[in-house]
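A look at the structure
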Amino acid sequence: MLACVKRESSPSREASSDVGVDQAAFNNREAGLTLVELVVTIVLMGILAGGTVAFVVSSTQSYVDTATRNQLSAIGRLTTTRLELGIKNAVPNSFRTANNCLEFLPLAAISIFLEAPLSGTSASSSTTMEVVPISGLSDASYAMIYPTNPDSLYDVSAVGPTAAIESVSGGTVTFTSAHEFTARGAVNRVFFAKAPESFCIDTSSGFMYRYRSGTYAMQSVQPVPGDLPSGPPSRAVVSANIENGALTPFSYSTAGLQNAGLVRLTLKFVDGDESLFIEHEVLNEHAP
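Read on for an overview of the structure.

Calculation notes
- Residues numbered from 1 in each chain as written.
- Predicted model: local features only at pLDDT ≥ 70, side-chain atom pairs only at ≥ 80, totals over all residues.
- Heavy atoms only, no water.
- Helix = DSSP H or I, 4+ residues; strand = E, 2+ residues; numbered from the N terminus.
- Buried < 20%, exposed > 50% of the residue type's maximum accessible area, 1.4 Å probe, protein only.
- Disulfide = S-S within 2.5 Å.
- Contact = heavy atoms within 4.5 Å.
- 1 Å grid on protein atoms, 1.4 Å probe; cavity = no way out; pocket = protein on both sides within 12 Å on 5 of 7 lines; lining within 4 Å.
- Points joined across faces, edges and corners; volume = space filled by probe spheres on them.
- Nonpolar A, V, L, I, M, F, W, Y, C, P; charged D, E, K, R; others polar.
- Pairing = 2+ DSSP bridges.

Turning our attention to the overall build of the protein. The secondary structure content of the protein amounts to 3 helices and 14 strands. With 288 residues in all, the protein has 34% of them scored as buried.

What follows is the structure, encoded as structure tokens:
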């Protein structure tokens, strides 16, 4: 007789099979993101990106603003230094300020006259003058004794503080025509000047120009920019970005016999939203 054997499935194997199915289902659920999780992720990434962009933009703008301020400061320093150099080396009381311009007579030399045609003396008019020889006389275009008034300094006539020079030989100065000086000053000092110079601001462009010595003739009335040379090398740019508006850029306090003359500079430099305001005073230390 054959015996029949009935096989029954093992409970442990069925349990193991069920666990495998549940784990696979769990793994399938973890493999993706729900819509809520995706939205939350996008929002968080947007916040982080926005903060990063804002930081970068702020840092970049701060750098640009700092660079602009530094550039304006550099322009201001260079401008005032160049003006200061000219003011300190000018004939005292030769400063004229009008039409957004500063005009003066650059010094070539300072000497002492030994013999000069002075009003009230026996040699009241002459074509020559004897001075102590000194370097720089050959570069001079004008001789001036006791310069106290800008209006009279620029009036080259037969009588006055200014005589036009034709030539210099040693200590002998020869004038272009007979001249008579109206005063002698305190210590027989005589100033020798080059041709006039001007610094002018073009309000339409914001440029400051320098009109160099020897490029235009001395005039009794201060020339306006339109009457001055219009191109290089007679005209050179000194600085830019000047927007003074109603501010007066140049003013001058006349020097007394013992006091130095004072030139005041008032300049406003602008670049975009940044601006630099400069008030600077420069002494011309030469007494007439």
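This part takes up the state of the cysteines. Per the counting criterion, the structure on display carries 1 disulfide. Each sulfur in the disulfide pair C101 and C200 lies 2.0 Å from the other. Measuring handedness by torsion sign, the sulfur bridge of C101 and C200 sits at about 120° and is right-handed. With C101 in strand 2 (residues 101-104) and C200 in strand 9 (residues 197-202), this residue pair connects regions lying 99 residues apart in the sequence. The same class applies to C101 as to C200, namely buried.

Attention now moves to unusual backbone geometry. Trans peptide bonds make up the majority, and among non-glycine residues the majority have a negative phi. Residues P232 and P233 are joined by a peptide bond in cis, for which omega reads 0°. Positioned with a positive phi, N93 is a non-glycine residue whose angle comes to about 65°. By the secondary structure assignment, N93 is in the loop between helix 2 (35-88) and strand 1 (96-98). Overall, the relative accessible area of 0% leaves N93 in the buried class.

Here the focus is the environment of T254. Along the chain, T254 turns up in the loop between strand 12 (250-253) and strand 13 (261-271). C-alpha of T254 to C-alpha of T148: the two residues are 106 residues apart in sequence and 7.9 Å apart in space. Every residue in contact with T254, bar those within four places of it in the chain, is listed here: N93 and T148.

Attention now goes to empty space enclosed by the protein. For the structure shown, the criterion picks out 1 cavity of 30 Å³ or more. Of the pockets and cavities examined, the largest cavity occupies roughly 30 Å³. Along its surface, the largest cavity is lined by N100, I201, T203, N244, G245, L247 and P249. In the lining of the largest cavity, the residues fall into 3 nonpolar, 4 polar and no charged.

This part is about the pairing of strand 2. Each regular strand shows side chains that alternate between the opposite faces of the sheet. Side-chain alternation along strand 2 places C101 and E103 on one buried face and L102 and F104 on a second face that is also buried. Taken together, the 3 bridges between strand 1 and strand 2 define a ladder with antiparallel strand orientation. Bridging across to strand 2, T97 finds its partner in L102. Linkage of strand 1 to strand 2, two consecutive antiparallel strands, is achieved through a turn of 2 residues, within which N99 is found at a positive phi near 55°. With 4 bridges joining them, strand 2 and strand 9 adopt antiparallel strand pairing. Within strand 9, the residue paired with C101 across the bridge is C200.

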